[in-house]
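# Overview (structure and organization)
The residues making up each chain are set out below.
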Amino acid sequence: MASVVIYTRQFCGYCSAAKRLLDSKGVAYEEHDATHAPALREEMTQRTNGRRTFPQIFIGDRHVGGCDDLHALDRSGELDALLAA
């Protein structure tokens, strides 16, 4: 299974929704809570080519995007294939 990294912040409904989807699929993920961590926010911004919204999700080496992007991949059937790679 591909590695999954998700950058989050506290009290973020989109972060919670993305994690719920991953949890429902039994996916283990590495969460980086950037709420009080400017260095993590900067790391996320660099990895995403400037995107600053939360969450930001990576599957393997691929930047998936945010919560809406993750759910769109799930609806299209692409998410399971990405996770299996």
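Here the structure is shown first, and the text comes after it.
Residues numbered from 1 in each chain as written. Predicted model: local features only at pLDDT ≥ 70, side-chain atom pairs only at ≥ 80, totals over all residues. Heavy atoms only, no water.

## Here's the deal with the pairing of strand 2 (residues 30–33)
Let me state the cut-off plainly: Whether two strands pair depends on DSSP finding at least two bridges between them. Each helix is a run of DSSP H or I of at least 4 residues and each strand a run of E of at least 2, with the numbering of both proceeding from the N terminus. By the criterion used throughout, a crossover qualifies as right-handed when its path from the first strand across the helix to the second strand runs clockwise, the strands pointing away from the viewer.
Both strand 1 (residues 4–8) and strand 2 contribute to a ladder of four bridges, which runs parallel. Note on strand 2: the bridge partner recorded for isoleucine 6 is glutamate 31. Taking the sense of rotation as the criterion, the β-α-β connection linking strand 1, helix 1 (residues 13–24) and strand 2 turns out right-handed.

## A short note on the environment of glycine 66
Put simply, the test is: Relative accessibility thresholds used throughout: buried, under 20% of the residue-type maximum; exposed, over 50%; partly exposed, between the two (1.4 Å probe, protein chains only). Should any heavy atoms of two residues lie within 4.5 Å, those residues are considered in contact.
Mapped onto the secondary structure, glycine 66 falls in the loop between strand 4 (62–65) and helix 3 (67–76). Given the relative accessible area of 8%, glycine 66 is considered buried. For the pair glycine 66 and cysteine 15, spaced 51 residues apart in the sequence, the C-alpha separation amounts to 8.4 Å. Apart from residues no more than four positions distant in its own chain, glycine 66 is found in contact with Arg51, Pro55, Gln56 and Ile57.

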